[in-house]
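Structural overview
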Amino acid sequence: MSRLIVVSNRVQAPKGQSAGNQGGLAVALTAALRETAGIWFGWSGETIESFTGEIDFQTHDGVTTATIDLEEQDVEEYYNGYANRTLWPLFHYRVDLAEYERSFAGGYQRVNGRFAELLAPLIEPDDLIWVHDYHMIPLGEELRRHGIANRIGFFLHIPWPPQSLLMSLPDHRELVRSLFAYEVIGFQTEDSLENFRHYILNEIGGEVFEDGTIRVDGRTVQAISCPIGIDTAQFKAAAETGTARYTAYRMRQSAVGRDMIVGVDRLDYSKGLHERFLGYERFLAANPMLHGEVFLLQIAPPSRSDVQSYQEIRATLDGLSGRINGAFADLDWVPIRYVNRGYGRDQLAGIYRSARIGLITPLRDGMNLVAKEYVAAQDPENPGVLILSHFAGAAAQLSDALLVNPHSAEELSDAIQQALTMPRDERIARWRKLMDNVEREDVMWWLNRFTAALTGRPQPVVTASD
Ligand code: ADP
């Protein structure tokens, strides 16, 4: 069996971390790495004064990681710059927030070059290489420059934007053409894949074939839609642990007789938190008799706080939650509990399980794993209701949720009302269909589907259950 080489900006393999605290992606990829004796290559997260090219190899739990340190300037231009201030907003349809600086593009290319230079000598002829996400789009091409002829796949975890938006990026053609160094490109949804095909046909005159292959300048790739899942079995089990039960008990104790609505998101402008608060405010204004009967728990740990737009969204939400609480709260009731910290997996599972509604309303999201985790954590006898944005990649699979337009405060308000009054039979029927999908199309399904396309063989990479 070929060795798998995984490349991503950050390495999430275990460093003495218990499997229970790893995310689904890390669980699946480390299982594949263990099975194939592969390597996970990426940035250590550390900065050094001047780039040394030294690789830190570590093996934990049968998984080898290879990490490198980057210079401060690399991190500013490549990570905080091109990845998080250029590509992230643009690919989430926020051209208004995207910053186009030549120094960012230069840093991005330079770091991808450094990755390739250090990775290339580690690659053996039979290795399969799997590159992840928007930080690493040109890596395949850089590896080809070093003579790497192996099969290389690329998976994009975030949305692929429409042509009209992508064209606002200087050098968009070079970025897209670099993708043709890969054998396989995976997107989260058909919608993203369609945007990509449309760009290829209309902007660079490529050819799109019915079997999914796309040809540009004599180079061919297979472009597939391959939605990522969660480790459903692990999450289901997490909701049954003592920690989860105790957390659910604490939640009930702190809100006797009240229905909880929960949102869990990184503090990011793509998650629609501002619009969600406005929708909830509309619901409170329209339903005075329900004051004191429900509350919204919004968990939003800060992220990317070096980037100004993230500081701004944080300040806006602090103000908005304060205003709503000020306007509606009573002596013994606060309508929004707004919490800016992270929780462990089991605690999170307990929180999801005790929530009557999961309110997941991103303005744009590649997939949204929280929606799937919410489903996996529910009590089959008395499940909660998932309210999900049309614009989350997960909506394509989770069509039995209450799907909403997150921009409409009225739609959000109506959906909350519908969810609160939904009869148990309907909640169970909807949840079963959602859970069917979350169980069937889990993270191993995703991994095997992508690697089957990459190897050109249907055999799963991971055969044993991990
Ligand atoms: P994104 O990758 O954009 O952050 P996803 O919804 O796809 O969004 O994935 C977020 C992941 O981070 C989920 O697995 C979720 O459980 C986890 N997460 C989000 N907020 C918290 C939190 N406050 N504490 C712990 N984990 C969190």
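All values reported here derive from a predicted model rather than from experimental measurement. (Residues numbered from 1 in each chain as written. Predicted model: local features only at pLDDT ≥ 70, side-chain atom pairs only at ≥ 80, totals over all residues.)

Digging into the site of the ligand
Within the structure, the ligand sits among 13 residues, and Arg266, Gly342, Tyr343, Leu369 and Val370 are positioned closest to it. Per-element accounting of the shell around the ligand gives the leading share, three residues, to helix α13 (residues 369-376). Among the residues making up the shell around the ligand, the classes are represented as eight nonpolar, three polar and two charged. (Near = placed C-beta within 6 Å. Helix = DSSP H or I, 4+ residues; strand = E, 2+ residues; numbered from the N terminus. Nonpolar A, V, L, I, M, F, W, Y, C, P; charged D, E, K, R; others polar.)

Here's the deal with the pairing of strand β12 (residues 294-299)
Across the six residues that make up β12, a large majority, six, are buried. Neither face of β12 is open: one carries Val294, Leu296 and Gln298, the other Phe295, Leu297 and Ile299, and all of them are buried. The pairing of strand β11 (residues 259-264) with β12 spans six bridges and is parallel. Of the residues in β12, the one forming a bridge with aspartate 259 is valine 294. With helix α10 (residues 273-286) bridging β11 and the parallel β12, this β-α-β connection has right-handed handedness. (Buried ≥ 20, exposed ≤ 12 C-beta atoms within 10 Å, placed from the backbone. Pairing = 2+ DSSP bridges. Right-handed = clockwise from strand over helix to strand, strands pointing away.)

Considering the sheet that holds strand β5 (residues 128-132)
In any sheet, the strands associate via hydrogen bonds between backbone groups, in a parallel or an antiparallel arrangement. If you walk across this open sheet you meet the ten strands as β3-β4-β2-β1-β5-β6-β7-β10-β9-β8, and the pairing is mixed. Taken across any chain shown, the strands that pair with only one partner, and hence form the sheet edges, are β3 (56-60) and β8 (207-208). Sheet topology places β8 next to strand β9 (residues 213-216); two bridges connect them, and they run antiparallel. Bridging across to β9, glutamate 207 finds its partner in arginine 215. The strands touched by helix α1 (residues 24-36) are β1 (4-10), β2 (39-48) and β4 (63-71); relative to β1, the strand with the most contacts, the crossing angle is about 145°. (Contact = placed C-beta atoms within 7 Å. Axes fitted to C-alpha atoms, helices over the stretch in contact; angles between N-to-C directions.)

Notes on the domain arrangement of the protein
When cut into domains, the protein gives domain 1 (4-229 + 443-455) and domain 2 (232-440). Every contact between the two is made by 21 residues of domain 1 and, on the other side, 20 residues of domain 2. Secondary-structure elements contributing two or more residues to the side of domain 1 that touches domain 2 are α1 and α2 (72-91). By residue number, the principal contributor to the side of domain 1 that touches domain 2 is α2, which donates three residues. Looking at side-chain class alone, the side of domain 1 that touches domain 2 contains eight nonpolar, ten polar and three charged residues. (Domains from an automatic or database assignment.)

Some thoughts on the sheet that holds strand β16 (residues 402-404)
On the basis of which strands lie adjacent, the open sheet formed by six strands has the order β13-β12-β11-β14-β15-β16 and parallel pairing. Looking along the sheet, the strands with just one partner apiece sit at the ends: β13 (336-339) and β16. Along the sheet, successive strands turn relative to each other by an average axial angle of 20°, direction set aside. Packed onto the sheet, α13 meets β11, β14 (357-360) and β15 (385-389) and runs at close to 170° relative to β14.

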